[in-house]
Amino acid sequence: MAAKVLTVTSGKGGVGKTTITANLGAALASHNQKVVCIDGDIGLRNLDVVLGLENRIVYDIVDVVEGRCKLRQAMIRDKRIEGLFLIPAAQTRDKTAVSPSDMVRICDELRPDYDWVIIDSPAGIERGFRNALAPADRVFVVTNPEVSAVRDADRIIGITEAEEKGPAQLIINRINPAMVERGDMISTIDIVELLAIELIGIIPEDSNVIVSTNRGLPIVLDGKSQAGQALQNIARRVMGENVPFLDLNDQGGFFKQIGKLFSSGGKNE
Amino acid sequence: MNPNIEIKGISEGLLATIGEGDWTEIRQALLELIQTQADFFKGADLTLNVGDHEIKAADLGKLRDQISENDVILRGLISKSPRTEENAKSLGLTTHFERPQPERSGKAFDTSVGGDEAIFVQRTLRSGNNIIYPGHVVVIGDVNPGAEIISGGNIIVWGRLRGTVHAGASGDETALVCALELAPTQLRIAETVSITPSSKKKPKPEVASLKDGQVIAEVWDIHKSKK
Ligand SMILES: Nc1ncnc2c1ncn2[C@@H]1O[C@H](COP(=O)(O)OP(=O)(O)O)[C@@H](O)[C@H]1O
Ligand SMILES: [Mg+2]
């Protein structure tokens, strides 16, 4: 095994990075993949909460970096989902406690034994983001159909390109089909046209996400929810499958257009 | 903008060509220009072409100091007056520029056409990217919202222009901005600012220029633009 490192990032906060990291991890693990999720948001950790593993934290990533424990000791194994592990962030430290080279070292130590390492990046373009970007093999940029989120995504994509971590792939989260239909939301096609990177997922707005977050149970385990399905599809695309995009009643044949835009030149690993 | 000062980009930095008129007034105007357009001039190497003006060594030294207070370095001085040139040399300023002469091709007429300094960029300019350049700027690709171009001359975008652009940033009111889709967040030519009204119509190539102190955008007309 030689794990690929996926970094989930966005620039703007609250767009769904943590939700996507947790669910991508759970979905990949449910396909018999060995997955480690790393919470890169030191000082504001919450990936553990979304995964429902908060009460099992003993050591965190700063303990690893500062030599208080071995890497394996800081890894929490998810008892419900075989093959899923979490390395939690420290709650009480700031982002400078970890450096980009620490992250590279930790990922390199994990690579031989796992299939995927997924890093949940903090918002912003500062140290925490640089830490999350440093070891990345692939970068997923998350945005919402909102002008400010798209603007930040563009900025992040630019930095990713400058750091030669690109081309990043795009996940658009919280699409509201009813609003799109009314023309009250920036359309997916406009976002893709502006950001000009490959689209790898579209996730609808879905109140089940909040319910599952509160329960600490990844929504991909809920086969009926649309968001869960969309996240499952992203996981399959990550593994190289060619999965068509969900039809979210988006009028105007958008998904056909997207299909045309991306069926050629899609980067599958 | 003082009509007696013309700024353009050259390979050595910026060239300010001084026209006729009262030297003390022009000198003052030059300093004001550098101050008001600090964004543009900051860090630049400046060469003055003073033409016939006679400038004393002490005055020149003082001017150099005043210019350097704005983070601009006076590197060279071109003058028609041998005395002024001597004064410039004594201050260590470059007074001659090697201009590569176009090779004579043996033809009866020189058919080559000169041009101005420009920078060519082939990529998408994303939010947070910027280009600051004394000459013209040519981009093949989109200029996204949040990206910025500041040019001493014209700005040509072969793509969608949605970011912020400032053409003629050193005061050139004849500067143009062209784009296949002209929808900038903000567009400035010399000192004049305009904001594009959002429109839903099908984009067409457009040219923006200053007419009677206002920025006007016109659809690119192949027939009209032939001069
Ligand atoms: N597709 C979705 N539908 C509804 N709510 C969502 C969706 N994605 C995320 N959320 C909610 O948005 C909030 C922010 O999500 P989170 O993953 O913490 O974002 P980030 O990690 O980018 O700050 C959370 O309350 C989450 O439950
Ligand atoms: Mg988060």
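So, how was this worked out
Residues numbered from 1 in each chain as written. Chains lettered and ligands numbered in written order. Predicted model: local features only at pLDDT ≥ 70, side-chain atom pairs only at ≥ 80, totals over all residues. Heavy atoms only, no water. Helix = DSSP H or I, 4+ residues; strand = E, 2+ residues; numbered from the N terminus. Rg over C-alpha atoms; globule rule 2.2 N^0.38 Å. Buried < 20%, exposed > 50% of the residue type's maximum accessible area, 1.4 Å probe, protein only. Contact = heavy atoms within 4.5 Å. Areas by Shrake-Rupley, 256 points an atom, 1.4 Å probe, with all protein chains shown as cover. Lys, Arg positive; Asp, Glu negative; His and termini not counted. Charge placed at Lys NZ, Arg CZ, Asp CG, Glu CD. Pairing = 2+ DSSP bridges. Axes fitted to C-alpha atoms, helices over the stretch in contact; angles between N-to-C directions. Salt bridge = Lys/Arg side-chain N within 4 Å of Asp/Glu carboxyl O. Disulfide = S-S within 2.5 Å. Buried area = accessible area lost by both parts, 1.4 Å probe. Domains from an automatic or database assignment. Polar contact = N/O pair within 3.5 Å; in protein donor to acceptor, adjacent residues only side chain to side chain. Nonpolar A, V, L, I, M, F, W, Y, C, P; charged D, E, K, R; others polar.

1. Overview of the overall build of chain A
Alright, step 1. Across its full length, chain A holds 12 helices and 8 strands.
Alright, step 2. Taken against the 2.2 N^0.38 rule, which gives 18 Å for 269 residues, the C-alpha radius of gyration of chain A at 17 Å falls within 12% of a compact globule.
Alright, step 3. Overall, the C-alpha framework of chain A stretches about 55 × 40 × 35 Å when taken along its three principal axes.
Alright, step 4. For chain A, the proportion of its 269 residues judged to be buried stands at 57%.
Alright, step 5. Long-range pairs, those at least 24 residues apart, make up 76% of the contacts in chain A with a sequence separation of at least 6.
Alright, step 6. By element, 47% of the accessible surface of chain A is carried by carbon and sulfur atoms, the whole surface being about 11300 Å².
Alright, step 7. In chain A, 31 positive and 36 negative side-chain charges are present, and the distance between their average locations comes to 4 Å.

2. Describing the sheet that holds strand E1 (residues 5–10) of chain B
Residue and element names in this part refer to chain B.
Alright, step 1. Taking strand neighbours across the sheet as the criterion, the 4 strands line up as E1-E2-E3-E4 in an open arrangement whose pairing is mixed. Edge positions in the sheet fall to E1 and strand E4 (73–79), since each of these pairs with one other strand and no more. In this sheet, neighbouring strand axes are inclined to one another by 25 degrees on average, regardless of whether the strands run parallel or antiparallel.
Alright, step 2. Sheet topology note: the strand E3 (residues 45–51)/E4 ladder contains 6 bridges and is parallel. Each bridged residue has a counterpart across the sheet, and for Asp 45 the counterpart in E4 is Ile 73.
Alright, step 3. In the packing of helix H1 (residues 23–36) onto the sheet, contacts are made with E1, strand E2 (13–18) and E3, and the angle to E1 comes to roughly 50 degrees.

3. Structural notes on the pattern of salt bridges
Alright, step 1. Enumeration according to the criterion identifies 26 salt bridges over all chains in this entry.
Alright, step 2. Residue Asp 45 of chain B pairs with Arg 75 of chain B through a salt bridge whose shortest N-O separation is 3.1 Å. Taken as a pair, Asp 45 of chain B in strand E3 and Arg 75 of chain B in strand E4 lie far apart in primary sequence, 30 residues in all.
Alright, step 3. The exposure class assigned to Asp 45 of chain B is partly exposed, which follows from its relative accessible area of 22%.
Alright, step 4. When salt bridges that share partners are traced, they join Asp 63, Glu 66, Arg 68 and Arg 93 of chain A into one network.

4. Here's the deal with the state of the cysteines
Residues and elements named next belong to chain A.
Alright, step 1. Scanning the entire structure with this criterion turns up 0 disulfides over all chains.
Alright, step 2. Of all cysteine sulfurs, the one in Cys 37 lies closest to Cys 107, which takes part in no disulfide; the gap is 12 Å.
Alright, step 3. Relative accessible area serves as the criterion here: at 0%, Cys 107 is assigned to the buried category.

5. Topic: the interface of chain B and chain A
Alright, step 1. Counting residues at the interface gives 9 residues for chain B and 11 residues for chain A.
Alright, step 2. Of the roughly 920 Å² buried where chain B meets chain A, counting both sides, 38% is carbon and sulfur surface.
Alright, step 3. Counting the contacts that link chain B with chain A gives 5 salt bridges.
Alright, step 4. Arg 123 of chain B is the partner of Glu 161 of chain A in a salt bridge, and the nearest nitrogen-oxygen pair spans 4.0 Å.

6. Regarding the domain arrangement of chain B
Residues and elements named next belong to chain B.
Alright, step 1. Structurally, chain B comprises domain 1 (5–90) and domain 2 (118–224).
Alright, step 2. Distance between the C-alpha centres of domain 1 and domain 2: 29 Å.
Alright, step 3. The interface of domain 1 with domain 2 comprises 9 residues on the first partner and 11 residues on the second.
Alright, step 4. Contact between domain 1 and domain 2 buries roughly 670 Å² in total, counting both sides, with carbon and sulfur atoms accounting for 61%.
Alright, step 5. In this assembly, domain 1 and domain 2 are joined by 0 salt bridges.
Alright, step 6. Our count for the domain 1 to domain 2 interface comes out at 1 residue pair in polar contact (both at pLDDT 80 or more).
Alright, step 7. Only E1, E2 and helix H2 (38–41) provide two or more residues apiece to the side of domain 1 that touches domain 2.
Alright, step 8. The residue makeup of the side of domain 1 that touches domain 2, split by class, is 5 nonpolar, 3 polar and 1 charged.

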